[in-house]
Amino acid sequence: MSTVANTLEGLTRGPDTVYAASTAIPDARLRRHQRLDLLFRFATRAFAFLVLALLAGILMSLLAGSLPAIGKFGAGFLVTASWNPVTEQFGALVPIVGTLITSAIALLIGIPVSFGIALFLTELSPLWLRRPLGTAIELLAAIPSIIYGMWGLFVFAPIFAQYVQPSLSATLGEVPIAGSLFRGPPMGIGMLTAGIILAIMVIPFIASVMRDVFEVVPSVLKESAYALGSTTWEVVWNVVLPYTKVGAVGGIMLGLGRALGETMAVTFVIGNAHNLSTSLMLPGNSIASTLANEFTEAVGDLYFSSLIELGLILFLITFVVLAFSKLLLMRLTRREGQKT
């Protein structure tokens, strides 16, 4: 009401007063929008720095909790295979090896299968089958990890021990040098079983991401390649993959992160034995399963600190893997720019 009154009053005072009154409202709105924009900018910046603060806080807390074990064992903690809470002799070699091997097996199986699923859904599948099949794959990603672990222990492991492991030992176990990986009693549980269960768990994540990025490729690019006589494989290899390599690698890294940090499913089927063996058939251990099994039973500061240091090592392994993948993508992008 005061603004309207000022405007009416300005009509009686002259044109200059009328112009000042008419610009009062837009100027007030502009200042209000500027304040809101500044508030929005500071809020989003605070959210971004909050993530960095949480990351730094987690790293510092892990580092502080592992200081007693670092001071006691030093760098030898990384290369020591013994894990004896009674004598307080701890080493991380067996969990580190188990984590890396099971994750490598998961990716070795999961990447080709996920690529085949994504290729089928985007290029070969009938239209009526794409939606239900894609939905089924996404539902697999929603299954809790403990369900995978229980299924692996009570269903997969007995079948694997009775039918698959004897065949692997009789065939691949006789191969020189590499045959030692497939020798051992058919117990069903072990490093290989854990890797296969992890592969089943990461396939939905990798396949879903690959399918989404494959669908982003412009149709004109693929149709042009088909018009030139290219086969489906040539189109995927020469058109789709170069166009979507960043997204595909991101999906693979998402699956690798799931495999590295998976706890319950691996705990059920890996065997939970602190033994270092060349055979994938024998039980082993991983960092996540070690923490799940022993964290509540850790008695003594050194025992507890050793477990915290295992968590720190897992954190650093994940960070190094993600940093390496980022550097690889940057190098590929730079190489493409030089070719262009």
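Residues numbered from 1 in each chain as written. Predicted model: local features only at pLDDT ≥ 70, side-chain atom pairs only at ≥ 80, totals over all residues. Heavy atoms only, no water.

Visitor: Talk me through empty space enclosed by the protein; I want residue IDs and the actual numbers.
Guide: Enumeration according to the criterion identifies 1 cavity of 30 Å³ or more in this entry. Estimated volume of the largest cavity: approximately 40 Å³. Taken together, Thr99, Thr102, Leu198, Ala259, Leu260, Glu262, Val266, Ser286 and Ala288 form the lining of the largest cavity. Looking at the lining of the largest cavity, the elements that each hand over two or more residues are α5 (93-124) and α10 (232-261). In terms of residue class, the lining of the largest cavity is made up of 5 nonpolar, 3 polar and 1 charged. (1 Å grid on protein atoms, 1.4 Å probe; cavity = no way out; pocket = protein on both sides within 12 Å on 5 of 7 lines; lining within 4 Å. Points joined across faces, edges and corners; volume = space filled by probe spheres on them. Helix = DSSP H or I, 4+ residues; strand = E, 2+ residues; numbered from the N terminus. Nonpolar A, V, L, I, M, F, W, Y, C, P; charged D, E, K, R; others polar.)

Visitor: Could you give an account of the packing of aromatic side chains, with specific residues and numbers?
Guide: Scanning all chains against the criterion turns up 11 aromatic pairs. Ring centres of Phe156 and Phe160 lie 5.2 Å apart, and the angle between their planes is 20°; this geometry places the pair in the stacked category. Of the two residues, Phe156 and Phe160 both sit in helix α7 (residues 145-171), 4 residues apart, roughly one turn of that helix. Its relative accessible area of 16% is what places Phe156 among the buried residues. The interplanar angle of 20° and the centroid separation of 5.5 Å between the aromatic rings of Trp233 and Trp237 together place this pair among those described as stacked. Pair noted here: Trp233 and Trp237 are both in helix α10, with a separation of 4 residues, about one helical turn. Residue classification places Trp233 among the partly exposed positions, given a relative accessible area of 47%. Members of the aromatic cluster, connected to one another through ring pairs, are Phe73, Phe77, Trp83, Phe90 and Tyr303. (Phe/Tyr/Trp six-rings, centres within 6.5 Å; stacked < 30°, edge-to-face > 60°. Buried < 20%, exposed > 50% of the residue type's maximum accessible area, 1.4 Å probe, protein only.)

Visitor: Which residues make up the environment of Ala178, and what values do they have?
Guide: Checked against the element boundaries, Ala178 lands in the loop between α7 and α8 (191-216). Spatially, the C-alpha atoms of Ala178 and Ala292 are 32 Å apart, while their sequence positions differ by 114 residues.

Visitor: Please provide a residue-by-residue account of the nonpolar core, values included.
Guide: Of all hydrophobic cores here, the largest spans 61 residues; its most connected members are Phe77, Leu192, Met210, Phe214, Ile287 and Leu310. Mapped onto this core, the elements with two or more residues apiece are α4 (67-73), α5, α7, α8, α10, α11 (264-269), α12 (287-294) and α13 (301-339). Among the elements that take part in this core, α8 stands out by supplying 13 residues, more than any other. With residues near it in sequence (within four places) discarded, Met210 still touches Ser114, Phe115, Ala118, Ala248 and Ile252. (Core = buried A, V, L, I, M, F, W, Y, C linked by side-chain atoms within 4.5 Å. Contact = heavy atoms within 4.5 Å.)

Visitor: Explain the side chain of Asn285 residue by residue, including any values.
Guide: With respect to the helices, strands and loops of the structure, Asn285 is situated in the loop between α11 and α12. Asn285 gets classed as buried once you look at its relative accessible area, which sits at 2%. At 3.3 Å, the side chain of Asn285 and the side chain of His274 are in polar contact. Of the polar contacts made by the side chain of Asn285, one reaches the side chain of Ser289; its length is 2.5 Å. For Asn285, the contacting residues outside a window of four places in its chain are Val94, Pro95, Gly98, Thr99, Met191, Ile270, Asn272, Ala273, His274 and Thr290. (Polar contact = N/O pair within 3.5 Å; in protein donor to acceptor, adjacent residues only side chain to side chain.)

Visitor: Which residues make up the pattern of salt bridges, and what are the values?
Guide: Enumeration over the complete set of coordinates arrives at 5 salt bridges. A salt bridge links Arg211 to Glu138, with the nearest nitrogen and oxygen atoms 2.6 Å apart. Within this pair, whereas Arg211 is found in helix α8, its partner Glu138 is found in helix α6 (residues 127-141), the two being separated by 73 residues in sequence. Take Arg211: its relative accessible area is 13%, and that puts it in the buried class. Its salt-bridge partner being Glu262, residue Arg258 comes within 3.2 Å of it at the nearest N-O pair. In this structure Arg258 comes out as partly exposed when scored by relative accessible area, which is 21%. Connected through salt bridges with shared partners, the residues Glu138, Arg211 and Asp212 form a single ionic network. (Salt bridge = Lys/Arg side-chain N within 4 Å of Asp/Glu carboxyl O.)

Visitor: Hey, could you go over the packing of α7 against α8 for me, with residue numbers and the actual values?
Guide: At a minimum axis separation of 9 Å, α7 and α8 run at an interaxial angle of 130°. On the basis of the axis angle, α7 is oblique to α8. Judged by the twist between their axes, the crossing of α7 over α8 is right-handed. Across the interface between the two elements, Ser145, Tyr148, Trp151, Gly152, Phe156, Phe160, Gln165 and Leu168 of α7 pack against Leu192, Thr193, Ile196, Ile197, Ile200 and Met201 of α8. In the contact of α7 with α8, the residues fall into 10 nonpolar, 4 polar and no charged. (Axes fitted to C-alpha atoms, helices over the stretch in contact; angles between N-to-C directions. Parallel < 35°, antiparallel > 145°, perpendicular 65-115°, else oblique. Left-handed = near helix turned anticlockwise from the far one by under 90°.)

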